[in-house]
Amino acid sequence: MSYIAKPKVSWAGQERNSLGLTLADYEGGLSTLCAGCGHDSITAALVKAFWELALKPEQVIKLSGIGCSSKTPAYFLSGSHGFNSVHGRMPSVATGAQAARRDLIAVGISGDGDSLSIGFGQFAHAVRRNLNVLYIIENNGVYGLTKGQFSASADPGSRAKKGAENRNQAIDPVAVAITLGGSFAARSFSGDKTQLVPLIKAGLMHPGCAVIDVVSPCVTFNDHEGSTKSYAWTRQHLHAAVEADYVPPSTEIEVDYAEGENTDVRLHDGSKIRLKKVDPDYDPSNRARALDFLEAHRARAEVVTGLLYIDEELPTFHDIAGTAKQPLTRFEFEDLSPGADALAEFQKGLR
Amino acid sequence: MPQPAKINDFVLKIATVNGTGSASANGLLMKALFRMGIPVTGKNMFPSNIQGLPTWYEIRASRDGYNARTGRVDVMIAMNAQTYARDLAEVSHGGYLVYDSTWPRDGQLKRDNVTVLGIPLARMVNENFEGSRVRTLMKNIAYVGALCALMEIDRDIVRTLLEETFAAKPKLVEPNFKAVTLGYEYAREHFDCPISARAEKMDATAGKILIEGNAAAALGCLYAGATVGAWYPITPSTSLMDAFQGFCEKYRKDPDTGENRFCIIQAEDELAAAGMVVGAGWAGARAFTPTSGPGISLMSEFIGFAYYTEIPAVFFDIQRVGPSTGMPTRTQQCDLMLAAYASHGDTRHPVLLPADPKECFEMAVVAFDLAERLQTPVFVLSDLDIGMNDWMVDELQWDDAWRPDRGKVLTDEDLAGMQVYHRFRDFDGDGIPYRTLPGSDRKGSYFVRGSGHNQYGGYTEDADEYQQVVDRLKLKWETARGLVPSAVERKAAGRTDIGLIAFGSSHGATVEALDRLAEQGVAVDYLRLRAFPFGEEVEAFLDAHRTVFVLEQNRDAQMRSLLMAELDADPQKLVSILHYNGLPVPSDMIVERIGDYIEQEAVA
Ligand SMILES: Cc1ncc(C[n+]2csc(CCOP(=O)(O)OP(=O)(O)O)c2C)c(N)n1
Ligand code: SF4
Ligand SMILES: [Mg+2]
């Protein structure tokens, strides 16, 4: 059902990006998620971010695990190759694909069940390898697809639709990513497109593993009173720490923030992430402080959003592996096989 | 008592303690015999331990070129006091036991028909060398010297080998050779040299090499053009990736930039290793993972996924003893069923069955071609015996004209000429659809999904659409039957209605057993399986014989079951010969089993 082609309507006057493509060119199949599902808003933000960055769809690969959230790669960028893998294992597939084709931009979509329970190990290792991937966790505190069981991100004290209370501790993927030595950890809310779109763009341009935890209410199983991942609760408890703006290479945007409140992070391609600190003493380059900050706000039942930690200098997966710049699939066979003479030579040592 | 000489036909077994560095001494002995032109095989029987437990190394010299274990031990080098009793008991009548008599055990080490030779190895070494590590190592080299005297192993060759080994540290040659000489001279002075089991120069190793299967398989991956390898360490597969890494460092570095034309990933577990291989295969790289049974268990979900989504991937299963952790350093052929049908649902996978390191090399190459041609996971089922032991095989050959078969992959030009692209349509009637690779033109984009899909690549829950795809996969399986390496038949000299089926590391023992049976007048035709699915030749062989022995190294007769399940073979005619104690199958056991069966049949 996640394959319903969406008619691509184009009309005169529709805005085009620098590739001459319209927003519709970045859409995918028609969503089959519940009306109002937070995941669909994230899909819309992704479409917008890719369109604004004017990335060619065929430059992108989109991967996911299993869950309602993991269905969403079918709903954007129909011109990109997509990979709906098995539950919790998106990171490993993305790792293999990146090993083969480092020139492609990988976006991985996962859920809180997918990444924080069954796939917690793979999530952790993608982060610590600093794999070149934008890693979005569409976090609703429940297993949507299997009908509303608590996930590992459910807050202690939050209630399921049928009233049961979760008493286990919650895993915060942002804190985990920072602790694991991640190079980019952010949080946003599916209903906050103004914050989410620039974060996605920044994440896409970040050379290593960019984790964005997006609180994404499940209207069917987790949008009631007593849930801490509902629209109402999240809106009330949002606390934006650092807003990020993505500045493409060579286009200087006007500085409209007060001096001292902005930090520019320059990316490998010359583009920049401009950080506006809503909390003046917030320092997104300091791991310990970032964790402190997260913890202080968690204690006050606040959902901190924004780009919470970034380290551009951390070596990425391919830096560490020493992989050739040219994608491995592009080497001619002659450049890979040592040939008969080398084999004969080598075997002289086996006698 | 005088014994008939056993020239170039003996088993030499070395009993030591794990972690005492005996491997280099044993390798030295192997190679010295090999360079004397004598066919040799070495089998390492080591514990799952880093230091302290008993370990054995068995060298068989066979002028006839047999490489299997036999039930014999002609000369035992007993270097481990803990196992003296069992080591002595294992020596064959007329055999010898050499031990370190620095601590004499004249009372304990006594057996009729076995000559016990005490050499004060520790004392001699301690008098001549300093440092405990050096002394331990030199003790090993000293027994090599003693054997040079006792068995007439060429000392000049040993010296040359030492010079080659220490080419980078020539200072080590003299002390090592001194240790050789200590052992040599002591033996010459105190015993009647040579003993009955001894070596004599011959010319049966020209064009041969000594290599372990894992290194050969790694070479196969290198030559096949594999660029991505993902793995999680597990005995006995680890040396495959170690070897691949070594070869890549040597042959796959960009000469100018030093960049890697490969990417090896040590995964967090086998699930991830499988996912990485599948991801890389999807993206168009030749990718593989080496593992063993426990790893395949963990990888199963991804294996079924790759089967259903039709993604090439190569899995090396270097089998070890199961179930569960089992005996990690012992050998078996126990993952046959696991590999053949890995994963839930109706899944089946081509499985290649190399019989020795040479075939590990060749079949690794074939596996990548098959995986891409068939767009499916392919297994290479080796085992610890092949993978980690040194085998003498014909020199590996490579044809520079060879090019990989990438199968049905559409290029952007192909796509430009097409109205529309559909991932799973069968245009050629062989059950194999056309694939596109990520990064190709937008027109070729599709969505890989392990959920129900139709021939267009779309999600489906429609009964007919679902079934059409799985039926086509069945058709693809029929295509695979004609593409995998076919079984090899070795006919008996005379006509016979008795057949034997074996595969993998049982081959050497089988050939030797059948030769011996032939000498006794028992004629048996032999079919060596080289792959699953079975080709027509397997069916024909079953039809042509009244009784077919099925020799395999597992308890539950997995190959026999496969033959029954896949070919409807008559259970009455399939007689199992099973060997599953973790040691490589010995040829004697096969001779006995077949002999007994035929005798009983004659009585009945
Ligand atoms: C190996 C395996 N176990 C269980 C499932 C069943 N399952 C499907 S989705 C899911 C949970 C998904 O939760 P989440 O990742 O949070 O996604 P959501 O649906 O909430 O977006 C589970 C348990 C499965 N597909 N595979
Ligand atoms: S069940 Fe919840 S998560 Fe799944 S589609 Fe519906 S609203 Fe979204
Ligand atoms: Mg969820």
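Draft legend 1. Spatial organisation of the site of ligand 1. Contacts to ligand 1 come from 18 residues, most closely from A:Ser69, A:Asp112, A:Gly113, A:Asp114 and A:Gly144. Around ligand 1, the nearby residues trace back to chains A and B. The backbone of A:Gly144 places a nitrogen or oxygen atom 2.8 Å from an oxygen atom of ligand 1. Looking at the shell around ligand 1, the elements that each hand over two or more residues are helix 2 (68–71), helix 4 (112–118) and strand 5 (142–143) of chain A. The greatest single-element share of the shell around ligand 1, amounting to four residues, is contributed by helix 4 of chain A. For the shell around ligand 1, a count of residues per class yields six nonpolar, nine polar and three charged.

Draft legend 2. Region of the structure containing the interface of chain B and chain A. Between chain B and chain A, the contact holds 67 residues from the first and 60 residues from the second. Taking both partners together, chain B and chain A bury about 5400 Å²; carbon and sulfur atoms supply 62% of that area. Connecting chain B to chain A are five salt bridges. With a shortest N-O distance of 2.7 Å, A:Glu334 and B:Arg403 are connected by a salt bridge. For the side of chain B that touches chain A, the element with the highest residue contribution is helix 9 (residues 270–282) of chain B, accounting for eight residues. Its residues assigned to classes, the side of chain B that touches chain A shows 37 nonpolar, 15 polar and 15 charged. As paired elements, strand 2 (residues 81–84) of chain A and strand 17 (residues 447–449) of chain B share three bridges and run parallel to each other. Pairing of A:Gly82 across the sheet is with B:Phe447, part of strand 17 of chain B.

Draft legend 3. The site of ligand 2, seen in detail. Taken together, A:Leu33, A:Cys34, A:Cys37, A:His39, A:Cys68, A:Asn140, A:Cys218, A:Val219, A:Thr220 and A:Phe221 make up all the residues around ligand 2. In the shell around ligand 2, the residues fall into seven nonpolar, three polar and no charged.

Draft legend 4. Molecular detail of the pattern of salt bridges. Residues and elements named next belong to chain B. In this structure the tally under the stated criterion is 53 salt bridges over all chains. One salt bridge in this structure joins Arg373 and Asp405, with 2.9 Å as the shortest N-O distance. With Arg373 in helix 12 (residues 357–374) and Asp405 in the loop between strand 16 (390–394) and helix 14 (412–416), this pair connects stretches of sequence that are 32 residues apart. Its relative accessible area of 24% is what places Arg373 among the partly exposed residues. Accessibility expressed as a relative area gives 24% for Asp405, which makes it partly exposed. Each of Arg286, Asp369, Glu372, Arg406 and Arg435 takes part in one network of salt bridges that share partners.

Draft legend 5. Main features of the packing of helix 5 (residues 155–165) of chain B against helix 6 (residues 173–190) of chain B. All names here are of chain B. One way to put it is that helix 5 packs onto helix 6 with a least axis distance of 9 Å and a crossing angle of 155°. Relative to helix 6, the element helix 5 is oriented roughly antiparallel. The interaxial crossing formed by helix 5 with helix 6 has right-handed handedness. For the pair helix 5 and helix 6, contact is made by Arg155, Val158, Arg159, Leu162 and Glu163 and by Val173, Glu174, Asn176, Phe177, Val180, Thr181 and Tyr184, respectively. Its residues assigned to classes, the contact of helix 5 with helix 6 shows six nonpolar, two polar and four charged.

Draft legend 6. Region of interest: the side chain of B:Thr227. Within the fold, B:Thr227 resides in the loop between helix 7 (213–224) and strand 10 (228–231). Taking relative accessible area as the criterion, B:Thr227 reaches 3% and is therefore assigned buried. Residues within four places of B:Thr227 in sequence aside, it is in contact with A:Leu328, A:Leu336, B:Arg252, B:Arg261, B:Phe262, B:Cys263, B:Ala285 and B:Arg286.

Draft legend 7. Structural detail: the sheet that holds strand 23 (residues 574–578) of chain B. Residue and element names in this part refer to chain B. The five strands lie next to each other as 18-20-19-22-23, forming an open sheet whose pairing is mixed. Here the strands that pair on one side only, and so sit at the sheet edges, are strand 18 (488–490) and strand 23. Direction aside, the axes of adjacent strands within the sheet are offset by 20° on average. Relative to strand 22 (residues 547–552), strand 19 (residues 498–503) is paired through four bridges, and the arrangement is parallel.

Draft legend 8. Focus on the pairing of strand 9 (residues 238–247) of chain A. One ladder, built from four bridges, connects strand 9 of chain A with strand 12 (residues 303–310) of chain A; its direction is parallel. Across the sheet, A:Leu238 pairs through a bridge with A:Val303, a residue of strand 12 of chain A.

Draft legend 9. How the structure looks around the domain arrangement of chain B. For chain B, the domain assignment lists domain 1 (6–198), domain 2 (211–394), domain 3 (412–481) and domain 4 (488–603). For domain 3 of chain B and domain 4 of chain B, the distance between their C-alpha centres works out to 41 Å.

Draft legend 10. Structural detail: the coordination of the magnesium ion (ligand 3). All names here are of chain A. Surrounding the magnesium ion (ligand 3) are the protein donor atoms Asp112 (OD), Asn140 (OD1) and Val142 (O), at 2.1 Å. All donor residues of the magnesium ion (ligand 3) come from one chain, and their arrangement in sequence is D-x27-N-x1-V. No difference in accessibility class separates Asn140 from Val142, as the two residues are buried.

Draft legend 11. Expanded view of the nonpolar core. Of all hydrophobic cores here, the largest spans 138 residues; its most connected members are A:Phe50, A:Ile200, A:Ile212, A:Ile273, B:Leu529, B:Met559 and B:Leu563. For A:Ile273, the contacting residues outside a window of four places in its chain are A:Phe184, A:Ala202, A:Ala244, A:Asp245, A:Thr263, A:Asp264, A:Val265, A:Leu267, A:Leu307 and A:Ile310. With 58 residues, the next largest nonpolar core counts B:Ile14, B:Ile119, B:Ala142 and B:Leu147 among its residues.

Draft legend 12. Summary view of the environment of B:Val125. Residue and element names in this part refer to chain B. Tracing the backbone through its elements, the reader meets Val125 in helix 3 (residues 121–128). Owing to a relative accessible area of 1%, Val125 belongs among the buried residues under this scheme. When near neighbours in sequence (up to four residues on either side) are disregarded, Val125 contacts Arg135, Met138, Lys139 and Ala142.

Draft legend 13. Summary view of a negative patch on the surface. Among the surface-exposed residues, B:Asp412, B:Glu413, B:Asp414 and B:Asp441 lie close enough to one another that they form a single negatively charged patch. A residue is classified by how much of its surface remains accessible, and B:Glu413, at 63% relative accessible area, is exposed.

Draft legend 14. Expanded view of the packing of aromatic side chains. Overall, the coordinates contain 26 aromatic pairs over all chains when judged by the stated rule. On the basis of an interplanar angle of 25° and a centroid distance of 6.4 Å, the ring pair of A:Phe120 and A:Phe123 is categorised as stacked. Of this pair, A:Phe120 and A:Phe123 both sit in helix 5 (residues 120–129), three residues apart, roughly one helical turn. Relative accessible area serves as the criterion here: at 29%, A:Phe120 is assigned to the partly exposed category. Members of the aromatic cluster, joined through ring pairs, are A:Phe333, B:Tyr223, B:Phe361, B:Trp398 and B:Trp402. Lying over the aromatic face of B:Trp391, B:Lys43 brings its terminal NZ or CZ to 4.4 Å of the ring centre.

About the criteria used
Here, residues in each chain are numbered from 1, in the same order as that chain's written sequence. Chain letters and ligand numbers both follow the written order, the letters beginning at A and the numbers at 1. Restriction of local features to residues with pLDDT of at least 70 applies here, the model being predicted, together with a cutoff of 80 or more for giving and counting side-chain atom pairs; totals for whole chains, interfaces and linings are based on all residues. Side-chain measures were taken over the full set of non-hydrogen atoms in the model, leaving aside hydrogen atoms and water. We call a residue near a given molecule or strand whenever any one of its heavy atoms falls within 4 Å of it. Think of a polar contact as two N or O atoms within 3.5 Å of one another; within protein, one of them needs to be a possible hydrogen donor and the other a possible acceptor, and neighboring residues in sequence only count if both atoms come from side chains. Helix and strand assignments follow DSSP, with helices taken as H or I runs no shorter than four residues and strands as E runs no shorter than two, numbered in order from the N terminus. Gly is put with the polar residues, along with every residue not named as nonpolar or charged; the nonpolar set is Ala, Val, Leu, Ile, Met, Phe, Trp, Tyr, Cys and Pro, and the charged set is Asp, Glu, Lys and Arg. Contacts: residue pairs with any heavy atoms within 4.5 Å of one another. What counts as buried area is the accessible surface, traced by a 1.4 Å probe, that two parts surrender upon association, with contributions from both included. A carboxyl oxygen of Asp or Glu within 4 Å of a side-chain nitrogen of Lys or Arg is what we treat as a salt bridge. DSSP-based pairing: two strands are paired if at least 2 bridges between them are found. Relative accessibility decides the category of a residue: with a 1.4 Å probe and only protein chains considered, values under 20% of the type maximum give buried, values over 50% give exposed, and everything between is partly exposed. To get an axis, a line is fitted to the C-alpha atoms, and for a helix only the part in contact is used. The angle between two axes follows their N-to-C directions and goes from 0 to 180 degrees. Note on terminology: angles under 35 degrees are roughly parallel, angles over 145 are roughly antiparallel, angles of 65 to 115 are roughly perpendicular, and the others are oblique. Here is the rule for handedness: rotate from the far helix to the near one, and if that takes an anticlockwise turn smaller than a right angle the crossing is left-handed, while a clockwise turn gives right-handed. Delimitation of the domains relies on an automatic or database domain assignment. Here the coordinating atoms are restricted to nitrogen, oxygen and sulfur within 2.8 Å of the metal centre, or 3.2 Å for Na, K and Ca, and because water is not among them the sites may look incomplete. In these notes, a set of buried Ala, Val, Leu, Ile, Met, Phe, Trp, Tyr and Cys residues joined through side-chain atoms within 4.5 Å is what counts as a nonpolar core. Only residues whose relative accessible area exceeds 30% and that form no salt bridge are eligible for patches; like-charged ones are grouped when within 9 Å, while nonpolar side chains (Val, Leu, Ile, Met, Phe, Trp, Tyr) are grouped when within 5 Å. Every accessible area reported is derived by Shrake-Rupley at a probe size of 1.4 Å, with residue values counting cover from the shown protein chains alone. Charged-residue counts in this description rest on Lys and Arg as positive and Asp and Glu as negative, His and the chain ends being excluded. For this purpose, a charge sits on NZ of Lys, CZ of Arg, CG of Asp or CD of Glu. Planes of paired rings set the category: under 30 degrees apart is stacked, over 60 is edge-to-face and the rest tilted, where pairs are Phe, Tyr or Trp rings (Trp by its six-membered ring) whose centres lie within 6.5 Å. Geometrically, a lysine NZ or arginine CZ counts as sitting over a ring once it is within 6 Å of the ring centre and also within 35 degrees of the ring normal.

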